[in-house]
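Structure at a glance
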Amino acid sequence: MSIADNLQLIKKNIPNNVTLVAVSKTKPITSIIEAYAAGQRVFGENKIQEMVDKQLQLPEDIQWHMIGHLQRNKVKYMASFVSLIHGVDSVRTLKEINKQAKKHDRVIDCLLQAKIATEDSKFGLCGIEIATILNSPEVKEFENIKIVGLMGMASFTNDKKQIKKEFNTLKDLFDKFKPNHKELKIISMGMSGDFKLAIEEGSNMIRVGSSIFGSRN
Ligand SMILES: *Cc1c(COP(=O)(O)O)cnc(C)c1O
């Protein structure tokens, strides 16, 4: 199936309120153009340099999402255009994003990455750390960032019950913070293998790569 076919199939199977982020990391410009021609406008990359290189070559109306773990010293390269940063896990990083966004007179939307996987390898914050950041007087003074939601990655396993439980943990966290933090709107969870489950558990933003562009080596 073509990239356009893959996109159409996924779109048909997800509700309208769910944003599809097409994860184009490692894939060539030609593949992104194919997806763009099929109407896709939101793309996700996990390396800042790669995203910058691609952004320069592609249409201006693409919304670029940074979904990977951030290197603080590279935030400056994407600050002029990045539309959403998914994987923020510290005040230091928020501070750097704020500083770089300010230089471009922008407000950059960010998601806090929650640790929902039981594996140790995954990055992310626990509930208490998220609460601390959301309520931090220092963070409240950052005028050039906006925390608009939470992001999480489930364990790399075939155990559906386990994955479901982890997605549910993120949804519970979101529901807990939402009443006092009205600006929280996005729950970014679900990838090629598990996005249907993620949507069932309350996701409204899925990050899908291989099911659109084919597997990566
Ligand atoms: C690569 C990646 C994805 C997409 O993974 P697929 O299994 O190819 O859909 C989603 N989220 C993050 C954070 C990623 O790094």
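See the structure printed just above.
Now for a description of the structure that goes with this document. What you see is a predicted model; the values in this text were computed from it and never measured.

This brings us to the site of the ligand. Every residue near the ligand is listed here: Val23, Lys25, Ile67, Met151, Met153, Met191, Ser192, Arg207, Val208, Gly209, Ser210 and Arg216. Measuring from an oxygen atom of the ligand, one finds a side-chain N or O atom of Ser192 at 2.5 Å. Contact between the ligand and Arg207: a nitrogen atom at 2.9 Å from a side-chain N or O atom of the residue. For the ligand, whose unbound accessible area comes to 390 Å², protein coverage reaches 90%. Taken together, the residues of the shell around the ligand sort by class into 6 nonpolar, 3 polar and 3 charged.

Considering only enclosed or pocket space, the second largest pocket measures out at about 160 Å³ in volume. Looking at the lining of the second largest pocket, the elements that each hand over two or more residues are α6 (127-135), α7 (137-140) and β6 (145-152). It is β6 that provides the largest number of residues to the lining of the second largest pocket, a total of 3 residues. When grouped by side-chain class, the residues that make up the lining of the second largest pocket number 6 nonpolar, 1 polar and 3 charged.

Moving on, we come to helix α5 (residues 91-103). Look at α5: 19 Å from first C-alpha to last across 13 residues, which is about the 18 Å you get at 1.5 Å a residue. Taken together, the buried positions of α5 are occupied by Thr93, Leu94, Glu96, Ile97, Asn98, Gln100 and Ala101. Summarising the contacts, the buried residues of α5 are in contact with α4 (75-78), β4 (84-88), β5 (108-114), α6, α7 and β6.

Calculation criteria
- Along each chain, numbering runs from 1 in the same order as the chain's sequence is written.
- For this predicted model, a pLDDT threshold of at least 70 governs which residues receive local features, and a threshold of 80 or more governs which side-chain atom pairs are given and counted, while totals over whole chains, interfaces and linings are taken from all residues.
- To get the side-chain values, all heavy atoms of the structure are used, and hydrogens and water are removed first.
- Near residues are defined by distance, with any heavy atom within 4 Å of the molecule or strand qualifying the residue.
- We call two N or O atoms a polar contact when they sit within 3.5 Å, provided that within protein one can donate a hydrogen and the other can accept it, with sequence-adjacent residues counted only if both atoms are side-chain atoms.
- Throughout, the Shrake-Rupley method with a 1.4 Å probe supplies accessible areas, and for residues the shown protein chains are the sole cover considered.
- In the scheme used here, Gly and all other residues not listed as nonpolar or charged are polar, with Ala, Val, Leu, Ile, Met, Phe, Trp, Tyr, Cys and Pro taken as nonpolar and Asp, Glu, Lys and Arg as charged.
- A pocket, in this scheme, is an open set of points on a 1 Å grid over the protein atoms alone with protein on both sides within 12 Å along at least 5 of 7 lines, while a cavity is a set where a 1.4 Å probe fits but cannot get out; residues line either one if an atom lies within 4 Å of a point.
- Grid points are joined across faces, edges and corners, and a volume is the space filled by probe spheres set on the points.
- The helix and strand labels rest on DSSP assignments: H or I over at least four residues marks a helix, E over at least two residues marks a strand, and numbering proceeds from the N terminus.
- To estimate how far a helix should extend, the number of its residues minus one is multiplied by 1.5 Å.
- Working definition: with a 1.4 Å probe on protein chains only, accessible area under 20% of the residue-type maximum means buried, over 50% means exposed, and in between means partly exposed.
- By definition in these notes, contact holds between two residues if any of their heavy atoms fall within 4.5 Å.

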